[in-house]
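# Tertiary structure, described
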Amino acid sequence: VMVENVTLVSGLNYFTAESVLLGDINGDNYINVIDISSMASKFGTMSGNANFDFLADLNCDGKVDILDISIIVSRYGTSGESFGISISSSATTTE
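Since this is a predicted model, take the numbers as computed values, not measurements.

## A look at the overall build of the protein
Check the secondary structure of the protein and you find two helices and two strands. Ordered by position in the sequence, the α and β elements of the protein form the string β-α-α-β. Taken over 95 residues, the protein has a buried fraction of 24%. Pairs at least 24 apart in sequence give 54% of the contacts found in the protein among residues at least 6 apart.

Below, the structure written as C-alpha cells:
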C-alpha cells in the first residue's frame, strides 16, 4: 500500500487500503498505454520536482528514467487482484 500526504486528526480516522500493482500509475488495476503515457509525461523528473509522481518511479530511486520505462514495458498487459481492506485508527493529542 502506497500512501502520500496522510494527516491524522484527533478522534477516529478511517482509510481504505487496496493492493498496488507496480506500474499501474492511474490506479485502474491494469497496466496499459494510459500508464505508459502518464509515465512519459513524468520522464526525467526527480523527487522534489513539482511534476514528480512517486507512482511513476517504479524502482524507487528518486527519478523517473529509462529503468522505470523498462519495468513498465515488461509488465504491460498485467492486471492486479481485486480486493480491499478498511482500517481505522484512533489518534489522540497530548497537551
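## Here's the deal with helix α1 (residues 33–42)
Those residues of α1 not exposed but buried are Asp35, Met39 and Lys42. Looking down the long axis of α1, one finds its buried residues gathered within 55 degrees of arc, a one-sided arrangement. Backbone nitrogen of Ile34 and a side-chain oxygen of the N-cap are separated by 3.0 Å at the start of α1; the cap is Asn32. Among the residues trailing α1, Gly44 stands out with phi positive, at a value near 90 degrees.

What counts and how
- Residues numbered from 1 in each chain as written.
- Predicted model: local features only at pLDDT ≥ 70, side-chain atom pairs only at ≥ 80, totals over all residues.
- Heavy atoms only, no water.
- Helix = DSSP H or I, 4+ residues; strand = E, 2+ residues; numbered from the N terminus.
- Buried < 20%, exposed > 50% of the residue type's maximum accessible area, 1.4 Å probe, protein only.
- Contact = heavy atoms within 4.5 Å.
- Arc of directions from axis to C-beta.
- Polar contact = N/O pair within 3.5 Å; in protein donor to acceptor, adjacent residues only side chain to side chain.

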